[in-house]
Structures are given as structure tokens and as C-alpha cells.
Number of protein chains: 2
Amino acid sequence: MTLPTRVKIVDVGPRDGLQNEKQPVPAAVKIELVQRLQSAGLTEIEVTSYVSPKWVPQMADNHEVMSGIQRQPGVRYSVLTPNMKGFEAALADRPDEIVVFGAASEAFSQKNINCSIAESIERFAPVVEAARAKGIYVRGAMSCAVGCPYEGEIAPERVAYLAGLMKGIGVQHVGVADTIGVGTPRKVQAAIEAALQHYELNDVSGHFHDTYGQALANTLAALELGVWQYDTSVAGLGGCPYAKGATGNVATEDVVYMLQGMGIDTGIDLNKLVDAGAYISAQLGRKSGSRVATALLAKCAG
Amino acid sequence: MTLPTRVKIVDVGPRDGLQNEKQPVPAAVKIELVQRLQSAGLTEIEVTSYVSPKWVPQMADNHEVMSGIQRQPGVRYSVLTPNMKGFEAALADRPDEIVVFGAASEAFSQKNINCSIAESIERFAPVVEAARAKGIYVRGAMSCAVGCPYEGEIAPERVAYLAGLMKGIGVQHVGVADTIGVGTPRKVQAAIEAALQHYELNDVSGHFHDTYGQALANTLAALELGVWQYDTSVAGLGGCPYAKGATGNVATEDVVYMLQGMGIDTGIDLNKLVDAGAYISAQLGRKSGSRVATALLAKCAG
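In the nomenclature of an unreviewed UniProt entry, chain A corresponds to hydroxymethylglutaryl-CoA lyase from the organism Ottowia oryzae. The UniProt entry for chain A carries the following comment under Sequence similarities (unreviewed entry): "Belongs to the HMG-CoA lyase family." Quoted verbatim from the Pathway (unreviewed entry) field of UniProt, the annotation for chain A is "Metabolic intermediate metabolism; (S)-3-hydroxy-3-methylglutaryl-CoA degradation; acetoacetate from (S)-3-hydroxy-3-methylglutaryl-CoA: step 1/1."

## Details of the overall build of chain A
Scanning chain A for helices and strands turns up 12 helices and 10 strands. The C-alpha radius of gyration of chain A comes to 18 Å, within 12% of the 19 Å expected for a compact globule of 302 residues. In terms of overall dimensions, chain A has C-alpha extents of about 55 × 45 × 35 Å along its principal axes. Expressed as a percentage of the 302 residues in chain A, the buried residues total 61%. The contacts in chain A between residues at least 6 apart in sequence include a share of 74% that link residues at least 24 apart.

## Considering the environment of Met-142 of chain B
All names here are of chain B. In this fold, Met-142 is placed in strand β5 (residues 137–143). Classification of Met-142 by relative accessible area gives buried; the value is 0%. Once the C-alpha coordinates of Met-142 and Ile-268 are considered, the two residues, 126 residues apart in sequence, prove to be 26 Å apart. Beyond its immediate sequence surroundings of up to four residues, Met-142 is in contact with Gly-102, Val-159, Leu-162, Ala-163, Met-166, Val-174, Gly-175, Val-176, Ala-177 and Ala-195.

## Focus: the interface of chain A and chain B
Between chain A and chain B, the residue contacts involve 36 residues of the former and 36 residues of the latter. Of the roughly 3000 Å² buried where chain A meets chain B, counting both sides, 59% is carbon and sulfur surface. When the buried area of chain A at its contact with chain B is split by residue, Tyr-212, Tyr-257 and Arg-291 of chain A rank highest and sum to 26% of it. Run the count over chain A and chain B and you get four salt bridges. A salt bridge links Arg-186 of chain A to Glu-224 of chain B; its shortest N-O distance comes to 3.8 Å. Taken together, chain A and chain B are joined by eight residue pairs in polar contact (both at pLDDT 80 or more).

## Regarding unusual backbone geometry
Residue and element names in this part refer to chain B. For Asn-114, which is not glycine, the phi torsion reads 60 degrees and is therefore positive. In this structure, Asn-114 sits in the loop between α5 (106–113) and α6 (117–133). Asn-114 gets classed as exposed once you look at its relative accessible area, which sits at 57%. Phi is positive for Cys-144, which is not a glycine, with a value near 55 degrees. Position of Cys-144 among the secondary structure elements: in the loop between β5 and β6 (147–148).

## Quick look at the packing of aromatic side chains
This model, assessed by the stated rule, comprises six aromatic pairs over all chains. Judged by centre distance (4.8 Å) and plane angle (20 degrees), the rings of Tyr-212 of chain A and Tyr-257 of chain B are stacked. One end of the pair, Tyr-212 of chain A, is in the loop between β9 (204–208) and α9 (215–223); the other, Tyr-257 of chain B, is in helix α10 (residues 252–261), on a second chain. For the pair Tyr-212 of chain A and Tyr-257 of chain B, a shared accessibility class is recorded, and that class is buried. For Lys-167 of chain A, the ring lying beneath its charged end belongs to Tyr-199 of chain A, and the centroid distance is 4.6 Å. Directly above the aromatic system of Tyr-279 of chain B lies the positively charged group of Arg-36 of chain B, at a separation of 4.2 Å from the ring centroid.

## Section: the sheet that holds strand β8 (residues 173–178) of chain B
Read once around its circumference, the closed barrel built from eight strands follows the order β1-β2-β3-β4-β5-β8-β9-β10 (chain B), with strand pairing classed as parallel. Going across the sheet, the axis of each strand differs from the next one's by a mean of 25 degrees, ignoring polarity.

## Focus: the relation of the copies chain A and chain B
Each copy superposes on the other: chain A lies on chain B with an RMSD of 0.0 Å after a rotation of 180 degrees and an axial shift of 0.0 Å. This pairing of chains is accounted for by a two-fold axis. Scanning chain A for the C-alpha nearest the rotation axis identifies Ala-217 of chain A, at a separation of 1.9 Å.

## Quick look at the environment of Val-79 of chain B
Residue and element names in this part refer to chain B. Of note, Val-79 is situated in strand β3 (residues 76–80). A relative accessible area of 0% means that Val-79 is categorised as buried. Considering only alpha carbons, one finds Val-79 and Tyr-257, 178 residues apart in sequence, at a separation of 26 Å. In this structure Val-79 touches Thr-48, Tyr-50, Met-66, Ala-90, Pro-95, Glu-97, Ile-98 and Val-99, once residues within four positions along its chain are discounted.

## Some thoughts on the pattern of salt bridges
All names here are of chain A. All chains considered together, the criterion is met by 34 salt bridges over all chains. Its salt-bridge partner being Glu-32, residue Arg-36 comes within 2.7 Å of it at the nearest N-O pair. Of the two residues, Arg-36 and Glu-32 both sit in helix α2 (residues 27–39), four residues apart, roughly one turn of that helix. The partly exposed category is assigned to Arg-36, whose relative accessible area is 30%.

What counts, and where the lines are drawn
Residues numbered from 1 in each chain as written. Chains lettered and ligands numbered in written order. Predicted model: local features only at pLDDT ≥ 70, side-chain atom pairs only at ≥ 80, totals over all residues. Heavy atoms only, no water. UniProt positions renumbered as here; feature names shortened; annotations may be inferred. Helix = DSSP H or I, 4+ residues; strand = E, 2+ residues; numbered from the N terminus. Rg over C-alpha atoms; globule rule 2.2 N^0.38 Å. Buried < 20%, exposed > 50% of the residue type's maximum accessible area, 1.4 Å probe, protein only. Contact = heavy atoms within 4.5 Å. Buried area = accessible area lost by both parts, 1.4 Å probe. Salt bridge = Lys/Arg side-chain N within 4 Å of Asp/Glu carboxyl O. Polar contact = N/O pair within 3.5 Å; in protein donor to acceptor, adjacent residues only side chain to side chain. Phe/Tyr/Trp six-rings, centres within 6.5 Å; stacked < 30°, edge-to-face > 60°. Lys NZ or Arg CZ within 6 Å of the ring centre and 35° of its normal. Pairing = 2+ DSSP bridges. Axes fitted to C-alpha atoms, helices over the stretch in contact; angles between N-to-C directions. Least-squares fit on C-alpha atoms with pLDDT ≥ 70 in both.

Below, the structure written as C-alpha cells:
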């Protein structure tokens, strides 16, 4: 089995991560975090979300953050746009990429975005069309692609169904997201293979949560299918809203450490990345969710 | 690639785990922990160590623990015996298996057991001979098989060298141990392949630490080579003596969760195992090192 020789990491910490931290973070800190991530070699960063501040107050500073970051050539800045209103607001801030957030689980779609899967696709369709007309790349997040907090296990057929709908409205790339971290290697591979029924390997990424400690094993399993793009979150920012005190997004540091150890190029400087994680962890007054960062910083201190 | 359909887990929590916890644990608690582990379906438990209490005061109660446990048919009880004196003391307590603890790193051997690798083999030889004469199975731990806190990376040739020495004195089984958790999947596979130069697949096990979060990915990599025996530690007991506050032994719960999710039989009841981990964590007054236990217990509480 030939593994990819190069992997692209999308750090979703500033958006997916900070949105799920209890503590609000000032825009200046978010801007500094983005700066540190790009200095560490990240080439794509999910920066913020254009949703109603009534629902997600943590992202109310989207314009301030997007207009405050010092854009670096070669780095892509993506933002979440759940509907036309959000997309129009985002447009002024010139994102390189937008993300529409769907779910493979009906119950999760209803509880998370207040509509059925089919309705969510109807809502995304004009957003996708408008984005593509402007030359903005469109990524679709397929949440609960392995398990759902309400429905339990999700069959690969449901992932294939959602991927087909996403393809139908012109979404260019899909992320297979194990939102609650219950996936194990073979189940994750089955979910990815379901996405590959509608998308090419170059247009599929993995987004694994470490809630049950499985994220790196699942990343290895995805690498073995040739998947070379992953969403991760510096310092494991985000936590898990479905299990208090548990881990959420896999830490970027842990994934980069594994890839480096396997001789797979990420273009990321691990030490600078650990520094970025230490910075935001200190700002939040919490421990890093990265085992690599914890081990490396303990070694330095000891 | 065909994965094993069945995996045997050796829980090393009572010995390897508790030996590395700062807090001393009463013999009665250790006995109760062994009881809970075997009730959960563990078929091999590393119970204690016969070393000088001057060096390892945590294991001074070895006789009390070994004679206090209620042995269950079909369960194997193993103990560490670093030398003849230890072996003779262990003999009275009728272990099913003894473990001699070597290192693939010269510096680690010197610092950890005060002799060179070659000298350690000389010291183990009469122990192995005596054990085999009594029909006691002999396992050899090959610590620092991937990396060493003093020497850094360890070449697979050094693992092959140690495995050859172990084979030469009659050790029946070797464990490839990533003692400081720095290994990543391909490096771990190389270390296992080195052991396989001298031992058959049925006589090689994996012992991975989760210090850098890599243990489950490394377990998956080892499964892909056909390795079906693993040392793990309930609740991740043990910590890492080389990085304060960092994780040590991979948690049994996390490995069992992955294997169950992959349809691989372990014979272990995950709920009872989580209970055993919660019991010993409460006794130590610390959080479980298992992400699975943390997630499952948080879900129950929430």
C-alpha cells in the first residue's frame, strides 16, 4: 500500500475549535493565533464563521478577524457560511474558500441546523452557486459520518447519499467528519469509501475527533486509502460538546508528529506549531489537548 | 492485508502501571484491581515484581498480593523477576509466567538496570533456565525498542540484536516496547520486523506508550503485521517518568474500544473494564488516562 508522500493540514482551530470553547476570545487573540499558525507553515486555516451572533456569539467578530489578519501568499483562508445571508456578509472579507456544514444524520441535521438533510441542501445550493460564480472554492463538511449523538452508528450509505447531494449542487470537496469521535479504523475507511463514490481522492478530506482516542489510528487508516488532506485543531481546541471534559478535535501537533515520524511531508514546523498551541492554551487558561505538546513541553521543563 | 480476528490483551496496570504511580497503593487495593480485571475478561495480568524494595518500594508487597488474589481458571498471572534472587522469591507464589526486562538501548540498560545489555543477558540466563526447568513461561520485555530518553532514536538492528540474545538464552516470547512513546507507525513496524527475525509471530507482542498520542496508530500498524498480543494498562496507569504530567502506558480501555470497533474479539467486557479503571483511578485520586473511559463516563454523567 503506497501512502501519500505529502499531506495538507487545514487547521480549524480558530473557527471549529474556538467556537466550541466556553471562554470568549478577543479578536486580537484570534488574529495572533492565525498569524502563528501561518508562521508555523499551515497553508490553510479555517478562520471564522458567518452565522447569526445570536446562535454563535463566539464568532460575532468575524469581520474584525478576517480583516485584521495579515494574509500571507500561498495560504488559504476559509470561513463557514451556512446560508445566503452569511455568504453575502463573508463576501466583503474575501475568503478563499467557504464551507457549508451538512450532516449524514437526519437527527443531527434537525438538532444542529434545524432542518432536514434535504432542506439543508436546498439552503446551500444558492450559496454554492454564488460562491462558484465568484470563483470561491466550496468545501462541504459531512458531519456525523460515522456516528451521531442521537442516532448512534451511521451507515456508509448515508454518507454516500449526502456526498451525492453535495456533488449535485456543485460542492467541490467533501470532508468526512467523525464529529463525536466514535469511529474506529475500518468504519472510518467505509465512510471515506462512501464519499469516494461521488468524489475523487483529491477532493476528499478527513476530519477526526479524538474523543475516544481513535483519531490518529483513523488518520493512519485514511492515509492507507490515499487520503492526503486532514482537518485538525491546534492544541486540540474545541473539546466535545457531547461529552463534558472529553477531547474533541484531534490536535494538529499530534497529527503532524505522526506524519513527520512516517516521513510524510507537511511543510509544518512542529516547534512553531507547539508554540502556537501554547499561546492559545495560555490565553484560554487551559491545558493543551495535544499529547505531543504536553510531552515536549514537559521534557523542556524537566 | 488480513488482520487478526482475535487479540489477547495483557493488562500490566497492577505492576508496570502502579510501579510508576507516585502514590503507594495498599495490597488490598491491588488485589481488588486484579479481581476486577479478571472479572472484565482479562486473561493475562502482570501482577507484581520481585525486586529489592529499596529500589521499588511500590512492589514490596509482592508476596501479599500474589497470595491474596483469587486465581481464576484460564487466567495467567505474570511477575517481573530481574535476577535469581527475585526469581526464587517469586517461585513460592507460583507465577504462570515471568518477565525479564531488557533494553535495546545501552544507555537505558545502564541507567535503568545498572549493567550493559550483554551483562543483563548473563544475569537473565540462569533465571530463564530455572524458570523453564519448572515449566514457567518466560517473556522478555525489550524496552526502548524505538527510542530512548538518553540515546534518541533506536535502530531496528539493535532490536534484532537484543531479540537474538533473548532467543539465545531461551526466552520464549518478546515484547517490543516503545517505552517513551516516541514511535510512529512505520518505525514501530520496523522494530517488530526486527524481532520477527528471531521470533515467530505468535511469540511477539506490542507494548506501546501513549506519551505522544501514537499508541493506537502504532497498534493498528502492528495489527497489520499480524501481531495479536498487546500489553496495555487499565486507566493508563503509570504515567511517563521521562515527561512529567504526560501519558505513559496506553489505556486498556482505548485499545479494547478500537479492537471492538474493528470487529476483533478480545473477550473483554468494556463496561466492566471501565469500572475497573474508575475504581483504581478513584483510589489514586486521579483522572483516568483513558480517553474512552473519560468520554463514556462524561456521557453517563451528562
